[in-house]
Amino acid sequence: MAFVNWARNQSGTPAEVRTPASVEDVIRAVRDAAASGRRVRMIGTGHSFTGVALTDGIMLRPGALTGIRSCADDRVTVLAGTPLRALNELLAERGLALANMGDITEQTVAGAIQTGTHGTGRDSGGLADQVAELELVLADGSVATVSPGEELFDAARVGLGALGVLTAVTFRVEPAFLLHNRRRKLTLGEILGSLDELTSANGHLDFFWLPHTDACLVKTNNRSPGPARPPGALRHWLDNVFLENTVFGAACALGARLPSLIPRINAVSAAALGDSESVDASYKVFTARRDVRFLEMEYAVPRERLAQALRETRDLVERMDWRITFPVEVRVTPPSDAWLSTAYGRASAYVACHIYRPTPNPAYFEGVEEIMTRLDGRPHWGKLHTRDAAYLGKVYPRLADFQALRDRLDPARLFTNDYLDKVLGP
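It should be emphasised that the depicted structure is a prediction, and the values quoted were computed from it without experimental measurement.

Visitor: So, the nonpolar core: which residues are in play, and what are the values?
Guide: Counting 55 residues, the largest nonpolar core has Leu136, Leu152, Val169, Phe171, Leu340, Trp381 and Leu424 as its most contacted members. Once residues within four sequence positions are removed from consideration, Phe171 is found in contact with Asp74, Arg75, Val76, Val78, Leu87, Leu98, Val109, Ile113, Leu127, Gln130, Val131 and Ala132. Of all hydrophobic cores here, the second largest spans 45 residues; its members include Leu205, Phe207, Phe294 and Ala307.

Below, the structure is given as C-alpha cells:
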C-alpha cells in the first residue's frame, strides 16, 4: 500500500504495513524487522513535507495507539498515535490544557514531537519542551522510559524517529485557561521597527506578511481572567472557513491561472484585513483550519537576526519579481534544551515561506534558504530544505552527541531512511 503525505509531494511503498494496538505489537514489529534485515518506521498523519516518515520496510500506522493512558495532577500520559485535536478535547474534558501549541492539530503526538513542531511564545516553547517523560521501543526490542536528567531524554524529544519508536508521551499540563486574541493590521515597516516591543509585550506573537504589499496581519494572544467572549458562530465561520480557506483557495487558484494578477489579488486581500478581538479557550485560539494545500519551508534564526531576515526576504521577492500568493509567517520561541530542537540554546524566530501546491517555485525556496543559512538558520525537520549533516553540524552544537548516541542504540540503522541518511549522516 503506497503512502502519500498531506501535501502530496512525498510518497513511498513499504514492504509491509502494520497497525500496532499495543507496545507489545511495536516490539514485535521492531524485532521482526531486525530479524528479516528490513527497516521500520512509524508514520504520523503525513503532515511533514520532507521524507522523514518514509520507509521501504515495515511501516507502522499508529491509529490504534490512541488515547490517554493516565492522568495525575500536572502530568498526562498519552499514547503516541493520538491526534493533537483529540488530545486537546481530552484535556479540556478534564479541565486541563497544554501551555502552548502550534496551529495545526491533525498531527499525531509522536509525529509532532519528533519533528520539532512548535507554536509561538515569549516564555513557553514547543511541544517537545512540555514533555516530562518518553516511552520508546529501541532497536534491540527493549522498552526505555526516559525523563529529565537522562541523556536519551534530551536527544529523543526531537529525535526524528532515529533513536526508537515512540509509544507514549507524558506531558506537563496545567489548568485550562483563556486567551485574549487580538488581530490587527500593521505595516511591515511598523513591525520591523517594534519587534522587540511586540515580542516582549505579548505572551504569543504571530504575524503574516503579505508579499507584494506592506501589509501584515498581526495576531497576539495573552492570558485572560475572563469572562470568555468567543467569536460568534457566523464570525468564526466567516474568518476561519470562508475567508481564510474558501476565498483564499479561490484566490490561489486564480493566481495559478493568471500569475500577473497576484499582486493585485494580494492588494485586495490586504485591504480586507481588519481588527478583531475575542477571548476563548486556549486550544481554540492557538489552532487554525488549513484546507488549502501548500508546500512549506521554515527556518529558525537567532531572534536578534529576525529583522534582517525579513528585510532580505522582502527585497529578494521584489528583486526577482516572483508572484507569491501565500503570506510569510513569523513566530518566536524561547531557548530549548532538546538537542535537535530548532531553538536549542537560543531564543529563536521562525520565518515560514509557503507556496500554493499546484504551482511550486523551487527558486523562491532556494533564495530564501540562502538568506537563512547565512544567518545561521536551522531548518524545520518536517519542512522542505536542502541542508545535510555537514551543514547541520555547524548550527547544532549537540548533533555529534546525537550521532554518537544513535551509533550506540541503532548501529544497524534499523530506523533510518534516505532523509535521515542525509540530515544525520549514514
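There is more to say, and it comes next.
Visitor: Please give an account of the environment of Met320 that cites residues and values.
Guide: Tracing the chain through its elements places Met320 in helix H10 (residues 306-320). In the structure, Met320 is positioned 43 residues away from Ala363 in sequence and 9.6 Å away in space, judged by C-alpha atoms.

Visitor: Account for the sheet that holds strand E11 (residues 165-172), with residues named and values stated.
Guide: Taken in spatial order, the five strands line up as E6-E7-E11-E9-E10 in an open sheet, and their pairing is antiparallel. Each edge of the open sheet is held by one strand with a lone partner, namely strand E6 (68-72) and strand E10 (143-146). Strand-to-strand, the axes of this sheet are offset by a mean angle of 10°, without reference to chain direction. Examined bridge by bridge, strand E9 (residues 131-137) and E10 share four bridges and lie antiparallel to one another. Within the sheet, the bridge partner assigned to Val137 lies in E10 and is Val143. In this fold helix H1 (residues 23-36) packs onto E6, E9, E10 and E11, with an angle of close to 50° to the strand it touches most, E9.

Visitor: Got a sec to walk through the sheet that holds strand E5 (residues 58-60)? Specific residues and values, please.
Guide: Taken in spatial order, the three strands make up an open sheet running E3-E5-E4, and their pairing is parallel. What marks the edges here is a single partner per strand, and that holds for strand E3 (16-18) and strand E4 (40-42). Taken over all neighbouring pairs, the strand axes of this sheet differ in orientation by 20° on average, direction set aside. Both E4 and E5 contribute to a ladder of three bridges, which runs parallel. Bridge pairing links Arg41 to Met59 in E5. Its contacts with the sheet put H1 on E3, E4 and E5, and the angle it makes with E5 is roughly 165°.

Visitor: Can you break down the pairing of strand E18 (residues 328-333) residue by residue, with the values?
Guide: Counting buried positions along E18 gives six out of six residues, so the element sits mostly inside the fold. Both faces of E18 are covered, namely the face carrying Val328, Val330 and Val332 and the face carrying Glu329, Arg331 and Thr333. Relative to E18, strand E14 (residues 204-209) runs antiparallel, the two sharing four bridges. When the sheet's bridge partners are listed, Trp209 is paired in E18 with Val328. Bridging between E18 and strand E19 (residues 348-356) involves five bridges; their strand directions are antiparallel. Following the sheet pairing, Glu329 is matched in E19 by Ala352.

Visitor: How would you sum up helix H11 (residues 362-374)? Please name residues and give values.
Guide: The first and last C-alpha atoms of H11 sit 18 Å apart over 13 residues, in line with the 18 Å expected at 1.5 Å per residue. Among the structural elements, strand E17 (294-302), H10, E18, E19 and helix H12 (389-395) are those in contact with the buried residues of H11. Two residues or fewer past H11, Asp376 is found with a positive phi of approximately 65°.

Visitor: Outline the environment of Val143, listing residues and values.
Guide: One can find Val143 in strand E10. For the pair Val143 and Leu166, spaced 23 residues apart in the sequence, the C-alpha separation amounts to 9.7 Å. Here Val143 is in contact with Val23, Ile27, Glu135, Leu136 and Val137, once residues within four sequence places are set aside.

What counts, and at which threshold
Residues numbered from 1 in each chain as written. Predicted model: local features only at pLDDT ≥ 70, side-chain atom pairs only at ≥ 80, totals over all residues. Heavy atoms only, no water. Core = buried A, V, L, I, M, F, W, Y, C linked by side-chain atoms within 4.5 Å. Buried < 20%, exposed > 50% of the residue type's maximum accessible area, 1.4 Å probe, protein only. Contact = heavy atoms within 4.5 Å. Helix = DSSP H or I, 4+ residues; strand = E, 2+ residues; numbered from the N terminus. Pairing = 2+ DSSP bridges. Axes fitted to C-alpha atoms, helices over the stretch in contact; angles between N-to-C directions. Expected span 1.5 Å × (residues − 1).

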